Amino acid sequence: MADGIDDTSWVTDLETALVESCDFGTIRNICKCRTVPDHLRAEVWQICHNVQNKGDALSAFDGLYDLDEQGIIREDCRALVDKLGNEEEDKVSIVSDLESIVTFFSKSRNEKYSSENGWLEVIQPLLALKLTRAQIYNCFYSIVNKFIPRDCVKGGKPFHLFRLLLQYHDPELSSFLDTKRILPDLYCHSWFRSLFSAPCDLQVIQVMWDVYFQHGDQFLTFFMALVILVNARDQILTGELESKQSIAEMLASFPSGLEAEDIEDFCALAQYYASKTPQSFRRDYQSPLFGNNLIPGKEEDLQVSQALCLPVSVAELLQNNNLAGGDGVRYFVVDCRPADQYNSGHLSTAFHLDANLMLQNPKEFSTAVQALLAAKQQSISSGSAAGGEHLCFIGSGREEEDQYVHMVIANFLQKHYQYVSFAKGGYQSLHELLKDRLSEGLSSHNPKHCIVCNPDASHSSSDLENGEDFHRSGKEEENGESFFGKLTSTVKSKSAVMKQKLTDYIKNEHQTQERHVSNTDRVGKRYRNMANVFSIGDDDDGDEVGENSSDDDRKEVVNVEVWLKKPDIKYSCRCQEVIGNGYMFPSHLLVTDTHLYVLREIPNRKNMAHIQARRALGSVVKITSKRKHPDFVTFKYGSVDGEEIQVTDIDRFLLPQAAEATKIIKQQIIKVLDALDS
């Protein structure tokens, strides 16, 4: 059969199927995600949403237009109808139908209408299908319920998830936008709320929705947004626009450049990115973003805004790496636990990279990373079961060790390595999954020293200190066990020694008498014309004093979101507070005209934190960082007498944007000192 005839024969098949009242599966098999002919679109869309035989839900409408925002609804409906260009005699009835649909939907869902929530933009393409009012409502309800993610508000979960997906596929672009503090909710809010209807031409949306509804993938909108940004990355990274607002406006406008003939390829590319992404997130986020039966107060708290990178379930990790060939996600597993834990049980295909090395011995850590990258490339080239383009880091699942795993992951992200993820629950979840076949699933498993089999096992095994080596020897296994064993043996160290050195690195051994300082103290002039005071990038090992005391020892509990919205906040960022024993705590650093505040998040209490420290800016005498770890920043407080600096308190943080943070804080300090001098 000729190609031209073959290209249109499916339309005849579709027409026949519609006459025979076909189902969604038949539609997909016939259309194969192609553009639907205009005269069949109304029927096809209704079948895709399973509303073709649904009754008139609007019959339950009480007819009362009494919402607080009713005036806004009516005005927005009129504006939409005016834009459509209908005949004058038709406008009144269309406005009335629109207002009824929006009002009833708002009441039935108990959701307040706003001009930015995308409802009218979703309805607009449906108006072009010449559906009845009841049919429009049924399709509209289905689209919003199935495809529009919940919590599409500033700082909402969909935007944090999108940032993780962008970081996974294009870490350099993600880092650039983070540096500019351009979060996804600034540019893709209307994309998600309207399923791209707001920024796109009607003809483009009709074709896009043809393909989208046939796919039926609720998360496809995230990957469509991803394709838009990745395709425009050069324009974003090398563009002349510098202000945050101008870049955000440029990003928001990108979908308007799509043409109808681009859509099938556009959606195919989105599907490709989806296939190159770990699938675990779909299960994790489906209910919070698209689920129907959430119990009040019981919604899963994903803490997506706090995730360092995309999480992967250990089940997916094992399943994907046990599959031969395929075009999906293949993982190169990096086990970041201490050496004694690794030697007591690990995946046979895992490369060992002790996270403690990063602070204990940066040079050795750098060598280990180069070995890791070489092993990754070699395993891919050789077709090894251990080979994969996607890096998945696994820790112990215990907070005390995994703090350092997070630092390693942050290091890889900072260097813009693509496809970086972490295994949720770490070794503990892996052990639980393999509990019925531990000897088969884990290499070198030693129940005596395994932290799951024996929770009381020391982090620094005495057997290791006495020279007993638990690293696998003897018969070489398949899947590269011996290869990785030999390669990683050069970067292993005794856990006890490393932990002590790491503690010595962070902890101050000498105490001085505490003295709290306020902005009114005459501490002398600092910062102007003084070298090495703000020494970001320079090692600083002096001024060892007690730390973590604050201006107010009482641990007041506050709401983080409320504090971030205070008008006197000049700067804020999320960080990790590092205490003397090396542990890190998720925190927020806030700067006002006169003070620096540290809010330490309270576990299991969403958006609540303790005021861990309240520092007068006038008491800051030094801000320093390690040369090889510029994000690891130390704040020192005290007083100045001539050229002598007395340090009384210290705070240490891992700051995601250290240079920006310290610059702003320095500017505020100078303002404080100028005010004192005047």
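Residues numbered from 1 in each chain as written. Predicted model: local features only at pLDDT ≥ 70, side-chain atom pairs only at ≥ 80, totals over all residues. Heavy atoms only, no water.

Engineer: I'd like a description of the overall build of the protein, backed by residues and values.
Structural biologist: Of regular secondary structure, the protein possesses 28 helices and 14 strands. In the protein, buried positions account for 53% of the 678 residues. Sequence separation of 24 or more characterises 70% of the internal contacts of the protein that already satisfy a separation of 6 or more. Summed over its atoms, the accessible surface of the protein is roughly 31000 Å², and 47% of this surface lies on carbon and sulfur atoms. (Helix = DSSP H or I, 4+ residues; strand = E, 2+ residues; numbered from the N terminus. Buried < 20%, exposed > 50% of the residue type's maximum accessible area, 1.4 Å probe, protein only. Contact = heavy atoms within 4.5 Å. Areas by Shrake-Rupley, 256 points an atom, 1.4 Å probe, with all protein chains shown as cover.)

Engineer: Give me the pairing of strand 9 (residues 584-591): which residues, what numbers.
Structural biologist: Among the 8 residues that make up strand 9, 6 are buried, leaving the element largely enclosed by the rest of the structure. Where strand 8 (residues 571-578) and strand 9 come together, 8 bridges link them in antiparallel fashion. Within the sheet, the bridge partner assigned to V578 lies in strand 9 and is M584. Alignment of strand 9 against strand 10 (residues 595-601), held across 5 bridges, turns out to be antiparallel. Within strand 10, the position partnered with H588 by the bridge is L599. (Pairing = 2+ DSSP bridges.)

Engineer: Give me helix 5 (residues 88-109): which residues, what numbers.
Structural biologist: With 22 residues, helix 5 ought to run about 32 Å at 1.5 Å a step, and its terminal C-alpha atoms sit 32 Å apart, in line with that. Among the residues of helix 5, K91, I94, V95, L98, E99, S100, I101, V102, T103, F104, F105 and S106 are the ones counted as buried. Against the buried residues of helix 5 lie helix 4 (70-84), helix 6 (119-127) and helix 7 (133-147). Positive phi appears at N110, one or two residues downstream of helix 5, with a value of about 55°. (Expected span 1.5 Å × (residues − 1).)

Engineer: Account for the environment of T26, with residues named and values stated.
Structural biologist: Position of T26 among the secondary structure elements: in helix 2 (residues 24-31). For T26, a relative accessible area of 29% gives the class partly exposed. Along the backbone, T26 and I47 are 21 residues apart, and their C-alpha atoms lie at a distance of 10.0 Å. Here D23 takes part through its side chain, which lies 2.8 Å from a polar atom of the side chain of T26. (Polar contact = N/O pair within 3.5 Å; in protein donor to acceptor, adjacent residues only side chain to side chain.)

Engineer: An account of the pattern of salt bridges is requested, with residue identities and associated values reported.
Structural biologist: Counted by the stated rule, this structure contains 24 salt bridges. D38 is the partner of R41 in a salt bridge, and the nearest nitrogen-oxygen pair spans 2.8 Å. Pair noted here: R41 and D38 are both in helix 3 (residues 38-48), with a separation of 3 residues, about one helical turn. Classification of R41 as buried rests on a relative accessible area of 2%. Residue class for D38 comes out exposed when judged on its relative accessible area of 62%. Between E432 and K435 there is a salt bridge whose closest N-O contact spans 2.9 Å. Relative accessible area serves as the criterion here: at 49%, K435 is assigned to the partly exposed category. The network of salt bridges with common partners includes D170, E172, R233 and D234. (Salt bridge = Lys/Arg side-chain N within 4 Å of Asp/Glu carboxyl O.)

Engineer: Could you give an account of a positive patch on the surface, naming the residues involved and the relevant values?
Structural biologist: On the surface, a cluster of positive charge is contributed by K154, R181, K244 and K565. Its location among the elements puts K244 in helix 14 (residues 244-253). With relative accessibility at 42%, the residue K244 sits in the partly exposed group. (Patch = residues over 30% accessible without salt bridge, like charges linked within 9 Å, V, L, I, M, F, W, Y side chains within 5 Å. Lys, Arg positive; Asp, Glu negative; His and termini not counted. Charge placed at Lys NZ, Arg CZ, Asp CG, Glu CD.)

Engineer: Explain the environment of Q414 to me, and be specific about the residues and the numbers.
Structural biologist: Locating Q414 in the fold gives a position in helix 21 (residues 399-414). Taking the C-alpha atoms as reference points, Q414 and S175, 239 residues apart in sequence, are found 7.8 Å from one another.

Engineer: Give a detailed account of unusual backbone geometry, specifying residues and quantitative values.
Structural biologist: Unusually for a residue other than glycine, C33 sits at a positive phi of about 60°. Of note, C33 is situated in the loop between helix 2 and helix 3. Within the chain, F196 stands out as a residue other than glycine whose phi angle is a positive 70°. Here F196 is to be found in the loop between helix 10 (189-194) and helix 11 (202-215). What makes F196 buried here is its relative accessible area of 0%.

Engineer: Mind laying out the pairing of strand 10, listing which residues take part and the relevant values?
Structural biologist: Of all 7 residues in strand 10, 7 are buried, a share of seventy percent or more. Residues H595, Y597, L599 and E601 line one face of strand 10 and the alternating positions L596, V598 and R600 line the opposite face, and both faces are buried. Here strand 9 hands over to strand 10 after 3 residues, the two strands then running antiparallel side by side. Sheet analysis places strand 10 next to strand 11 (residues 608-616), joined by 7 bridges and oriented antiparallel. Bridging from a neighbouring strand, V598 pairs with A613 of strand 11.

Engineer: Any chance you could break down helix 7 for me, citing the residues and the numbers?
Structural biologist: Counted at 1.5 Å a residue, the expected span for helix 7 with its 15 residues is 21 Å, and the 21 Å between its end C-alpha atoms agrees. Residues of helix 7 that are buried: A134, I136, Y137, N138, C139, F140, S142, I143, V144 and F147.

Engineer: Tell me about the packing of aromatic side chains, residues and numbers included.
Structural biologist: According to the stated counting rule, one finds 31 aromatic pairs in the structure shown. On the numbers, 6.2 Å between centres and 40° between planes, the contact of F332 with F351 is tilted. Remark: F351 occurs in strand 3 (residues 351-352) and F332 occurs in strand 2 (residues 331-335); sequence separation between them is 19 residues. Across this residue pair, the class does not change: F332 and F351 are buried. Through pairs of rings, three or more aromatic residues link up here, namely F61, Y65, F104, F105, Y113, W119, Y137, F140 and Y141. Stacked on the ring of Y141, the Lys or Arg R109 has its end atom at 5.6 Å from the ring centre. A cation over a ring is seen here: R615 above Y637, with NZ or CZ 4.5 Å from the ring centre. (Phe/Tyr/Trp six-rings, centres within 6.5 Å; stacked < 30°, edge-to-face > 60°. Lys NZ or Arg CZ within 6 Å of the ring centre and 35° of its normal.)

Engineer: Could you give me a rundown of the nonpolar core, with the residues and numbers involved?
Structural biologist: Counting 126 residues, the largest nonpolar core has L14, Y187, M208 and L229 as the members making the most contacts within it. Looking at this core element by element, the count peaks at 10 residues for helix 12 (residues 220-231). Apart from the residues within four sequence positions on either side, L14 is in contact with I27, I30, C31, V36, P37, L40 and V44. Among the nonpolar cores identified, the runner-up in size contains 30 residues, and L391, Y404, V405 and L413 belong to it. (Core = buried A, V, L, I, M, F, W, Y, C linked by side-chain atoms within 4.5 Å.)

Engineer: Hey, could you go over the sheet that holds strand 2 for me, with residue numbers and the actual values?
Structural biologist: Pairing is parallel across the open sheet formed by 5 strands, whose spatial order is 1-5-4-2-3. Where the open sheet ends on each side, the last strands, each with one partner, are strand 1 (310-312) and strand 3.

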